[in-house]
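Working through the structure, step by step
Now for the letters of each chain:
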Amino acid sequence: MKNILLITAALALAVMQGCAGRTAPKNENGPTATGQAAGDGHVHDHPEGTPCPSDTTHGTDETHDGHLHAEDETAAEDPDEIVFPAEQAARTDFEVREAKRGPFRETLHCGGEIYASQSELSVVSAPIAGVVTFVDGRVLPDAAVQAGQGLFRLSSGGLASGDAVQKARIAFHQAEADFRRIEALYADKLVTQRDYLAAEAEYLRAKAEYDPVKVSDRQGTLIQAPAAGYVRQLSVAPGDYVEMGQPLATIARTGRMQLRALVSQRYFDRLSGMTDAAFRTPASEAYYRVSKLNGMRCTTGRIVPEGSALVPVVFEFDAAGRFPDGTYADVVLLGRERDDVVSVPLSALTEQQGLYYVYIQLDADCYRRQQVWPGADDGTDVEILRGLQGGERIVVRGAVNVKMAAASDAIPHGHTH
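Residues numbered from 1 in each chain as written. Predicted model: local features only at pLDDT ≥ 70, side-chain atom pairs only at ≥ 80, totals over all residues. Heavy atoms only, no water.

1. Considerations on the overall build of the protein chain
- Across its full length, the protein chain carries seven helices and 23 strands.
- Taking all 417 residues of the protein chain together, the buried fraction comes to 34%.
- Counting only contacts in the protein chain whose residues sit at least 6 apart along the sequence, the fraction spanning at least 24 positions is 74%.
- On the protein chain, roughly 24,900 Å² of surface is accessible, and the fraction owed to carbon and sulfur atoms is 52%. (Helix = DSSP H or I, 4+ residues; strand = E, 2+ residues; numbered from the N terminus. Buried < 20%, exposed > 50% of the residue type's maximum accessible area, 1.4 Å probe, protein only. Contact = heavy atoms within 4.5 Å. Areas by Shrake-Rupley, 256 points an atom, 1.4 Å probe, with all protein chains shown as cover.)

See the structure below:
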């Protein structure tokens, strides 16, 4: 019985000491500050000796070392903020640049075609009448050729009119002999100047007729390529009879080409101000600027071709063999400049469900998604009508990586700047 009483007294004393430990110390200038906890910052206004209600109301989400509550963390998160660590960006094709505010050129989008420039075309014609044979058995359209390469042979030996090459050779040698004789007599003052000039003229005429066909053999007169390039058009087939001067083929060099932008007639009043163009072909996503290819505008589109409803605007530029003849092109015509326009590279835009966004850098590791309203583009940059003021640091290369980081829910809780 005595042991039981001792145990009961010890328990009561322990309870009283535990509750007394939660009371605040006495103020130097007054009584004890009732209800002020000694070290946890909570208010205790319960009767002394009863369990502390605050000890049972705090869940596992609360801490007392300065961290946020779980509810506060959720409220602090911005759904448009994305964490993309700098070390991860360094491992990708990534670039951040300021959105610029300044001049931006008026643009007009249309389709177009690329052709060899007329200055680069050479027509191979028949120097005599005759039957065509192909050197090496064939000449194909689009085949590459070298300057001086043999393409065709013309033979007139079996024709009823006689061999034109043989006739030209005989006429040349006779005119040459007459001229040399008259030339010697004229030097001795034995013939008049009139006789001398007439003999010279006949010699030069016969020479002009014979020179194009003198490179001949038993197979006929050899016709050579006038320049290096490719066969753009083939006008004859083996065995065809051609008259003197008839076209045989067209050779195109690979230097200059023409861009023919095809524009709707509704924009005709704007064409005179379109002085430059950017274009891209199906072979590349990159745009080429005509002015940067040593190019210029050739026509302003004042004639609508028969059978078409589109007005052509023609530019010429240095191609250096980069574009196939006749290829389709997406064209952006460039006109006058407008000042104070916010623009960003096209690569900075991302699209989601018909809405467009850019990613603004907040610090080295954090970005914010910003919706923007794009306007016209010049093939490289795009005008921003709403959403940016200019000067923001935005992701211009690698924006898709930031978008993927957002989709992967990569924001750590409690991230602050």
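We are not done yet, so read on.
2. Brief notes about the pattern of salt bridges
- The final tally for this structure, using the stated rule, is 17 salt bridges.
- Here Glu-383 ties to Arg-338 by a salt bridge, and the two come within 3.0 Å at their closest N and O atoms. Pair noted here: Glu-383 is in strand 22 (residues 381-386) and Arg-338 is in strand 18 (residues 328-345), with a separation of 45 residues, a long-range link.
- Here Glu-383 falls in the buried class, since its relative accessible area comes to 10%.
- Residues participating in the shared-partner salt-bridge network are Asp-93, Glu-95, Arg-97 and Arg-397. (Salt bridge = Lys/Arg side-chain N within 4 Å of Asp/Glu carboxyl O.)

3. Details of the packing of helix 5 (residues 164-187) against helix 6 (residues 193-210)
- Packing of helix 5 against helix 6 brings their axes to within 8 Å, and their N-to-C directions diverge by 155°. Viewed along their axes, helix 5 and helix 6 adopt a mutual orientation that is roughly antiparallel. In this structure, the crossing between helix 5 and helix 6 has a hand that is left-handed. Of helix 6, the residues touching helix 5 (which contributes Ala-168, Arg-169, Ala-171, Phe-172, Ala-175, Glu-176, Phe-179, Arg-180, Ile-182, Glu-183 and Tyr-186) are Gln-193, Asp-195, Tyr-196, Ala-199, Glu-200, Glu-202, Tyr-203, Ala-206, Lys-207, Glu-209 and Tyr-210.
- Grouping the constituent residues of the contact of helix 5 with helix 6 by class yields 12 nonpolar, one polar and nine charged. (Axes fitted to C-alpha atoms, helices over the stretch in contact; angles between N-to-C directions. Parallel < 35°, antiparallel > 145°, perpendicular 65-115°, else oblique. Left-handed = near helix turned anticlockwise from the far one by under 90°. Nonpolar A, V, L, I, M, F, W, Y, C, P; charged D, E, K, R; others polar.)

4. Description of the layout of surface pockets
- Put simply, the largest pocket is a space of about 250 Å³.
- Arg-289, Lys-292, Asp-378, Thr-380 and Asp-381 are, among the 13 residues lining the largest pocket, the residues nearest its centre.
- Of all elements in the fold, only strand 3 (100-116) and strand 15 (288-289) reach the threshold of two or more residues within the lining of the largest pocket.
- Top element by residues in the lining of the largest pocket is strand 3. It accounts for four residues.
- Of the residues contributing to the lining of the largest pocket, the split by class is five nonpolar, one polar and seven charged. (1 Å grid on protein atoms, 1.4 Å probe; cavity = no way out; pocket = protein on both sides within 12 Å on 5 of 7 lines; lining within 4 Å. Points joined across faces, edges and corners; volume = space filled by probe spheres on them.)

5. Thoughts on the nonpolar core
- Ranked by size, the top nonpolar core spans 31 residues in total, and within it Val-132, Phe-152 and Leu-248 carry the most contacts.
- Elements that contribute at least two residues to this core include exactly strand 5 (130-134), strand 7 (150-155), helix 5, helix 6 and strand 12 (247-252).
- No other element matches helix 5, which puts six residues into this core.
- With 22 residues, the next largest nonpolar core counts Leu-108, Ile-114, Leu-271 and Ala-277 among its residues. (Core = buried A, V, L, I, M, F, W, Y, C linked by side-chain atoms within 4.5 Å.)

6. Some words on the sheet that holds strand 6 (residues 144-145)
- Spatial strand order, 4-12-10-6: four strands in an open sheet with antiparallel pairing. In this open sheet, the two edge strands, each paired with only one partner strand, are strand 4 (121-125) and strand 6.
- Relative to strand 10 (residues 229-234), strand 6 is paired through two bridges, and the arrangement is antiparallel. The partner of Val-145 across the bridge, within strand 10, is Gly-229. (Pairing = 2+ DSSP bridges.)

7. A word on the packing of aromatic side chains
- Following the criterion strictly, the structure yields 13 aromatic pairs and no others.
- Chaining the aromatic ring pairs together yields one cluster made of Phe-172, Phe-179, Tyr-186, Tyr-196, Tyr-203 and Tyr-210.
- For Arg-369, the ring lying beneath its charged end belongs to Tyr-357, and the centroid distance is 4.2 Å.
- One cation-aromatic arrangement involves Arg-386 over Trp-373; the distance from NZ or CZ to the ring centre is 4.0 Å. (Phe/Tyr/Trp six-rings, centres within 6.5 Å; stacked < 30°, edge-to-face > 60°. Lys NZ or Arg CZ within 6 Å of the ring centre and 35° of its normal.)

8. Quick look at the confidence of the model for the protein chain
- Per-residue pLDDT for the protein chain has a mean of 79; in total, 76% of the residues score no lower than 70.
- The model gives residues 46-76 a pLDDT under 50, and that stretch makes 23 contacts with residues more than four places away or in other chains.
- Note that pLDDT drops below 50 for residues 410-414; the model gives that stretch nine contacts with residues more than four away or on any other chain. (pLDDT = per-residue confidence, 0-100.)

9. A short note on the environment of Ala-277
- Inspection of the secondary structure puts Ala-277 in strand 14 (residues 276-280).
- Sequence separation between Ala-277 and Leu-108 is 169 residues, and the spatial gap between their C-alpha atoms is 9.3 Å.
- Beyond its immediate sequence surroundings of up to four residues, Ala-277 is in contact with Leu-259, Tyr-288, Arg-289, Val-290, Phe-315, Val-331, Val-332, Leu-333 and Leu-334.

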